[in-house]
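Below, each chain spelled out in residue letters.
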Number of protein chains: 2
Amino acid sequence: MEPTEYSEKHRVTYYEADFTKRMTLAMMLDVIILASEDHSDYLGVGADFVREFGVTWIVIQYNVDINRMPTVDEEITVTTKSKSYNKYFAYREFKIKDENGDLLVHMTGLWAVMNYEARRISSIPSEIVTPFGAEKVNRVPKLMKPLKVDLDNSNHRRFSVRYTDIDSNKHVNNAHYMDWMINVLPSEFLTTHSPVHFDLRYENEVKYGTDIESHYNMEKLESGNILTKHEIMSGDKHCTVADIIWQNN
Amino acid sequence: MEPTEYSEKHRVTYYEADFTKRMTLAMMLDVIILASEDHSDYLGVGADFVREFGVTWIVIQYNVDINRMPTVDEEITVTTKSKSYNKYFAYREFKIKDENGDLLVHMTGLWAVMNYEARRISSIPSEIVTPFGAEKVNRVPKLMKPLKVDLDNSNHRRFSVRYTDIDSNKHVNNAHYMDWMINVLPSEFLTTHSPVHFDLRYENEVKYGTDIESHYNMEKLESGNILTKHEIMSGDKHCTVADIIWQNN
């Protein structure tokens, strides 16, 4: 069985874009998650079905290559497929293309399932994964883990987790972690650079009403590109870690 | 000439909705502004054309009646028309309907144009308004002004204006003022009440990198509904003022 592929179109609007007229990274994450949810619903294995097994899908990690960020009023096509899975992890691919069919963004991601009662990772029930037609493997591909931030020598800023950070899944929206990472960077940097790659790993959830600290280090790579390393801390808890590589506009 | 009417569909997604699965008020404002921009583009009097006259449209005020907020995965239809205008103001109407054609939200709004150089309100060039087919009048309808907040006895919270608060129009997104108003209210209140009406008036723009203070008072009305009065202050400057009426879910 071949993996099933699912596609949907999305128009990038003024409110999904930043000062540079490019779609924000957070918005891009919202849109690819929507495609994966719609894919699941289409196959009859949506959130309600999955809940019957006492579990919910959680995203562990993304690796993302960006040829060009989508811009305002472009109609992009998001395509996704589940490529492989093993006992604990499912490996999914996304492509974002422009109206000419040119590849803008290529993403891979690693998902797991969390048991509601135990609040921990459990094995993936075959009923919720086989409909995707992914290959069952012993080992899913290893994804590059983001580098650790030097917290003693980081720039950082505190953010409060707001009511509007929670989406209809009743958790803090995953994409908002990316916004906290972006919002510590200087605006002069953000308006003059574009992201070309990022690795992001979710480790612990942040809760409504708490404060988080968004840390970063910035360094110049030999290529001339800039690397920013990010970490979201909630007290002593490491919540999310990411690397972003930027090039000059 | 009859006013031209413009409609577009919008699917409410998980990331546009809050804990209650209802679309956020801010998202609703983003979507109606999109419809008005698309209406202008369709008539050939979009932002670029308007800029040739040295001006830009700015929204002054909204009055909004809500029968029911749109919820996740509904496909809503937003319809808008420009109803009347005079030398300085244009009066626009919006309707949001569900898939059965039932009216969810009725809005009226007042727009003006700002001269870029003078940074002040100027008379509306006829070229940018006549294509809408609105009636030229001496007086546009008066919209209810929101009540003032008692700033000495308000609850308030400070917010920083972030990079991601700026949208591709290169200003702080108008809908984010609404988020600052919502995010001061207690979550227990927000999850148990729904908005049925609001009046919102923009007075001064807030700037990136500054802090704003979001104030509110809450009182019970004779009807049993709750009134929250809101004010966004930037230092001594009154930026946005709003009233929201809520009913128990």
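What counts and how
Residues numbered from 1 in each chain as written. Chains lettered and ligands numbered in written order. Predicted model: local features only at pLDDT ≥ 70, side-chain atom pairs only at ≥ 80, totals over all residues. Heavy atoms only, no water. Helix = DSSP H or I, 4+ residues; strand = E, 2+ residues; numbered from the N terminus. Rg over C-alpha atoms; globule rule 2.2 N^0.38 Å. Buried < 20%, exposed > 50% of the residue type's maximum accessible area, 1.4 Å probe, protein only. Contact = heavy atoms within 4.5 Å. Areas by Shrake-Rupley, 256 points an atom, 1.4 Å probe, with all protein chains shown as cover. Lys, Arg positive; Asp, Glu negative; His and termini not counted. Charge placed at Lys NZ, Arg CZ, Asp CG, Glu CD. Expected span 1.5 Å × (residues − 1). Least-squares fit on C-alpha atoms with pLDDT ≥ 70 in both. Pairing = 2+ DSSP bridges. Salt bridge = Lys/Arg side-chain N within 4 Å of Asp/Glu carboxyl O. Polar contact = N/O pair within 3.5 Å; in protein donor to acceptor, adjacent residues only side chain to side chain. UniProt positions renumbered as here; feature names shortened; annotations may be inferred. 1 Å grid on protein atoms, 1.4 Å probe; cavity = no way out; pocket = protein on both sides within 12 Å on 5 of 7 lines; lining within 4 Å. Points joined across faces, edges and corners; volume = space filled by probe spheres on them. Nonpolar A, V, L, I, M, F, W, Y, C, P; charged D, E, K, R; others polar.

As recorded in an unreviewed UniProt entry, chain A goes by the name Acyl-ACP thioesterase, listed as coming from Apilactobacillus timberlakei.

A.B. asks: Tell me about the overall build of chain A, and please be specific about residues and values.
C.D. replies: If you tally the helices and strands in chain A, you get five helices and 12 strands. Relative to the globule expectation of 18 Å for 249 residues, the C-alpha radius of gyration of chain A, 18 Å, shows essentially globular dimensions. Within chain A, the proportion of its 249 residues that are buried is 57%. Taking the contacts inside chain A whose residues are at least 6 apart along the sequence as the reference set, 73% of them involve residues at least 24 apart. On chain A, roughly 11,400 Å² of surface is accessible, and the fraction owed to carbon and sulfur atoms is 46%. For chain A, the distance from the average position of its 28 positive side-chain charges to the average position of its 38 negative side-chain charges is 4 Å.

A.B. asks: Mind laying out the side chain of B:Thr13, listing which residues take part and the relevant values?
C.D. replies: Structurally, B:Thr13 can be placed in the loop between strand 1 (5-11) and helix 1 (25-42). In this structure B:Thr13 touches A:Leu34 and B:Val72, once residues within four positions along its chain are discounted.

A.B. asks: Mind laying out helix 1 of chain B, listing which residues take part and the relevant values?
C.D. replies: Residues and elements named next belong to chain B. Helix length check: helix 1, at 18 residues, gives a terminal C-alpha distance of 26 Å against a target of 26 Å (1.5 Å per residue), a fit within 8%. With 15 of 18 residues buried, helix 1 lies mostly within the body of the structure. Immediately beyond the C-terminal end of helix 1, within one or two residues, lies Gly-44, with a positive phi of roughly 80°.

A.B. asks: So what's going on with the relation of the copies chain A and chain B? Residues and values would help.
C.D. replies: In screw terms, the move from chain A to chain B is a rotation of 180° and a rise of 0.0 Å along the axis, fitting with an RMSD of 0.0 Å. Those values place the two copies in the arrangement expected of a two-fold rotation axis. Closest approach to the rotation axis among the C-alpha atoms of chain A is made by A:Phe159, whose C-alpha sits 4.7 Å away. A symmetric contact is evident, with 100% of the interface residues of chain A recurring at the interface of chain B.

A.B. asks: Give me the lowdown on the pairing of strand 9 (residues 193-202) of chain A, citing residues and values where you can.
C.D. replies: Residues and elements named next belong to chain A. In terms of burial, strand 9 is a largely internal element, 10 of the 10 residues being buried. As judged from the nine bridges shared by strand 9 and strand 12 (residues 237-248), these two strands associate in the antiparallel manner. Residue pairing across strands places Asp-199 opposite Asp-243, the latter belonging to strand 12.

A.B. asks: Tell me what's going on with the pattern of salt bridges, and back it up with residues and numbers.
C.D. replies: This model, assessed by the stated rule, comprises 24 salt bridges over all chains. B:Arg11 is the partner of A:Asp38 in a salt bridge, and the nearest nitrogen-oxygen pair spans 2.8 Å. In this pair, A:Asp38 sits in helix 1 (residues 25-42) while B:Arg11 sits in strand 1, so the two residues belong to two different chains. With a relative accessible area of 8%, A:Asp38 lands in the buried category.

A.B. asks: Describe helix 4 (residues 174-182) of chain A, and please don't skip the residues or the numbers.
C.D. replies: Residue and element names in this part refer to chain A. With respect to burial, helix 4 is a largely interior element, eight of its nine residues being buried. Within the span of helix 4, buried status applies to Ala-175, His-176, Tyr-177, Met-178, Asp-179, Trp-180, Met-181 and Ile-182. Measuring from the backbone nitrogen of Ala-175 back to the side-chain oxygen at the start of helix 4 gives 2.7 Å, which picks out Asn-173 as the cap.

A.B. asks: Please give an account of the UniProt feature "domain: Acyl-ACP thioesterase N-terminal hotdog" (unreviewed entry) in chain A that cites residues and values.
C.D. replies: Here, UniProt's "domain: Acyl-ACP thioesterase N-terminal hotdog" (unreviewed entry) annotation points to residues 5-131 of chain A. For residues 5-131 of chain A, the end-to-end C-alpha separation is 11 Å, with 21% helix and 43% strand making up the annotated structure.

A.B. asks: Could you give me a rundown of empty space enclosed by the protein, with the residues and numbers involved?
C.D. replies: Scanning the model with the defined rule gives three cavities of 30 Å³ or more in all. When its volume is computed, the largest cavity comes out at roughly 740 Å³. Every residue lining the largest cavity is counted, 36 residues in all, and those nearest its centre are A:Thr164, A:His176, A:Asp179, B:His176 and B:Asp179. Elements with a contribution of two residues or more to the lining of the largest cavity: helix 1 and helix 4 of chain A together with helix 1 and helix 4 (174-182) of chain B. Across the lining of the largest cavity, the residue classes break down as 13 nonpolar, 10 polar and 13 charged.

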